[in-house]
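Single-letter residue listing:
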Amino acid sequence: MTRTFSGVKPTGHLTLGNYLGAVRRWVETDQHRSEALFCLVDLHALTVEHDPARVRRLTRQGASLLLAAGLDPRLCTVFVQSQVDAHTRLSYLLECVAADGEMRRMIQYKEKARREQERGGGVRLSLLTYPVLMAADILAYRTDEVPVGEDQAQHVELTRDLALRFNQRYGATFVVPKATLPVLGTRVRDLQDPLSKMGKSGAESAGVVHLLDEPEVIRRKFLRAVTDSGREVVYDRAVSPGIANLLEILAACTGGRPEDLAADYSSYGAVKKDTAEAVVELLAPLQKRHRELAADPGQVDAVLRAGAERAREMAQPTVDAAYRAIGLLPAA
Ligand code: TYM
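Residues numbered from 1 in each chain as written. Predicted model: local features only at pLDDT ≥ 70, side-chain atom pairs only at ≥ 80, totals over all residues.

### Some thoughts on the packing of helix 8 (residues 215-223) against helix 11 (residues 268-294)
When two helices pack together, their arrangement is captured by the angle between the axes and the distance separating the axes. So the rule is basically this: Only the stretch in contact is used when fitting a helix axis, every axis being a line fitted to C-alpha atoms; angles between N-to-C directions are given from 0 to 180 degrees. Strands are runs of DSSP state E lasting at least 2 residues, helices are runs of H or I lasting at least 4, and numbering of each runs from the N terminus. If an angle is under 35 degrees, it is roughly parallel; if it is over 145, roughly antiparallel; if it lies from 65 to 115, roughly perpendicular; otherwise it is oblique. Crossing chirality is assigned from the near helix's rotation relative to the far helix, an anticlockwise turn below a right angle marking it left-handed and a clockwise turn marking it right-handed. By the convention adopted here, residues make contact when the C-beta atoms placed from their backbones lie within 7 Å. Note on residue categories: nonpolar means Ala, Val, Leu, Ile, Met, Phe, Trp, Tyr, Cys or Pro, charged means Asp, Glu, Lys or Arg, and polar means any other residue, Gly included.
Two elements in contact, helix 8 and helix 11, have axes whose closest approach is 9 Å; the angle formed by their N-to-C orientations is 150 degrees. Classified by the angle their axes make, helix 8 and helix 11 are roughly antiparallel. You can see that helix 8 and helix 11 cross each other, and the crossing is right-handed. Every residue of helix 11 that contacts helix 8 at Pro215, Ile218, Arg219, Phe222 and Leu223 is listed here: Lys272, Thr275, Ala276, Val279 and Val280. A per-class count over the contact of helix 8 with helix 11 returns seven nonpolar, one polar and two charged.

### Describing the UniProt feature "binding site: L-tryptophan" (unreviewed entry) in the protein chain
Applicable threshold: UniProt positions are given in the numbering used here, feature names are shortened, and annotations may be inferred rather than shown by experiment. Each residue is classified by how many other C-beta atoms fall within 10 Å of its C-beta atom, where C-beta atoms are placed from the backbone; a count of 20 or more means buried, 12 or fewer means exposed, and values in between mean partly exposed.
This chain's UniProt record puts "binding site: L-tryptophan" (unreviewed entry) on Asp137. With respect to the element layout, aspartate 137 can be found in helix 6 (residues 125-139). For aspartate 137, a count of 27 C-beta atoms within 10 Å puts it in the buried group. Leaving out residues up to four positions away in the same chain, aspartate 137 has contacts with Phe5, Gly7, Cys39, Val41, Gln81 and His87.

### As for the pairing of strand 2 (residues 35-40)
Heads up, the rule is: Strand pairing follows a simple DSSP-based rule, namely that at least 2 bridges must link the two strands. Here the term right-handed applies to a crossover when the path leading from its first strand over the helix to its second strand runs clockwise, the strands being oriented away from the viewer.
The buried fraction of strand 2 is high, at five of six residues. Of the pairings in the sheet, the one linking strand 1 (residues 3-8) to strand 2 comprises six bridges and is parallel in character. Its bridge partner lying in strand 2, threonine 4 is registered against alanine 36. In terms of handedness, the path from strand 1 via helix 1 (residues 16-33) over to strand 2 forms a crossover that is right-handed. Here five bridges tie strand 2 to strand 3 (residues 76-80), and the two strands are oriented parallel to one another. Residue pairing for strand 3: leucine 40 is matched across the bridge by valine 80.

### Quick word on the environment of glutamine 192
Assignment of secondary structure puts glutamine 192 in the loop between strand 5 (178-180) and helix 8. Classification of glutamine 192 as partly exposed rests on a count of 16 C-beta atoms within 10 Å. Sequence-distant contacts of glutamine 192, that is, excluding residues within four places in its chain, are made with Ala206, Gly207 and Val226.

### With respect to the site of the ligand
Note the following rule: Each residue receives a C-beta atom placed from its backbone. It is near a molecule or strand if this atom lies within 6 Å of it.
Taken together, the neighbourhood of the ligand is formed by 28 residues, with Gly7, Gly17, Gly21, Val148 and Gly149 sitting nearest. Secondary-structure elements contributing two or more residues to the shell around the ligand are strand 1, helix 1 and helix 6. A per-class count over the shell around the ligand returns eleven nonpolar, twelve polar and five charged.

### Some words on the packing of helix 2 (residues 52-69) against helix 11
Remark: helix 2 packs on helix 11, axes separated minimally by 8 Å, with the N-to-C direction vectors making an angle of 130 degrees. Compared by their axis directions, helix 2 and helix 11 come out oblique. The two elements helix 2 and helix 11 cross, and the hand of that crossing is right-handed. Each of Ser64, Leu65, Leu67, Ala68 and Ala69 in helix 2 lies in contact with helix 11, whose residues at this interface are Leu286, Arg289, His290, Leu293 and Ala294. Per-class residue counts for the contact of helix 2 with helix 11 are seven nonpolar, two polar and one charged.

### Remarks on helix 3 (residues 86-95)
We count it as follows: Starting at the helix axis, one direction is taken to each C-beta atom, and the arc is that of these directions.
For helix 3, the set of buried residues is Ala86, His87, Leu90, Ser91, Leu93 and Leu94. All buried residues of helix 3 project into a common sector of 165 degrees when viewed along the axis, lining one side. Structurally, helix 3 contributes buried residues whose contacts are with helix 6, helix 7 (153-170) and helix 12 (297-326).

### A few points about the environment of aspartate 85
Secondary-structure assignment places aspartate 85 in the loop between strand 3 and helix 3. According to the C-beta neighbour criterion, aspartate 85 is exposed, with 12 such atoms within 10 Å. Along the primary structure aspartate 85 and leucine 58 are separated by 27 residues, whereas in three dimensions their C-alpha atoms are 21 Å apart.

Below, the structure is given as structure tokens:
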């Protein structure tokens, strides 16, 4: 059976981008057709300036949202990265096959390092080695497929390179995984800045739709979405990135094609209104289940406890094999 692994970082409230780019497929497809693991990657949240209490809170909330979105612990494993030691142990071995230069070439590293410097803070070394830890997350479970949005494709490509290099130097140890991208929603853009990705940001941002935003907040964000000065509704990312983003979101929600949807509209206002309603409708069941789960936090903790136990068992043989292959003396 195919093995799937993916993760989400608790650095902010989950967004519509996370949902359309990744989580929805985990729920609708991956957990049913593969042996799947989904991870709250809390160690990755420590690579930029962070507030400890907030990371802890967002980790639990993220887990609750994944369950509310429809991940079923009877079908898949949901767990927290820091509760399974295999990730950091394997990460170190992979650092020994990774090169400094290839880390510095990663697009996300360059963007985030620049942002940290602009803020006046230093760049944490863990930000540079982030993709190696991500590779360890994936390789520890002998993963075949990694369902992610487009922004993570480069990191999965690097994971493949590291796996191949390790296998070549020290003998076949890792399965070489591949990224799977969604057809629609692979890169949801910020509603206020349609040239940038919709990302979980620390501050409350008018361009970012969070999964727990109230319907009125969602409507307001869409009505205020930045569009271009044109009038005609056409689907063209280069000419009208704002309206193209809305059409892509609408298509991802309703199952249509953005170019076909464009033909149904004669005003930007109508596109905004219908997209808002489609998103409100899409998120309603998730928000309802999230409220129910919030009333019973013990349930989320129990899922995470069982998930970590199962993940430890699954990762152990691969980590043992990698330790042996690279030349470490096994503990007696
Ligand atoms: P993160 O937490 O930034 O995002 C989680 C998932 O959501 C996707 N995504 C988007 N997709 C479309 N449009 C957007 N605007 C958008 N924003 C986010 C991401 O592509 C991702 O699939 N490094 C990863 C976490 C990670 C991981 C892993 C993922 C750590 N280890 C191992 C897969 C496998 C990250 O920061 O995702």
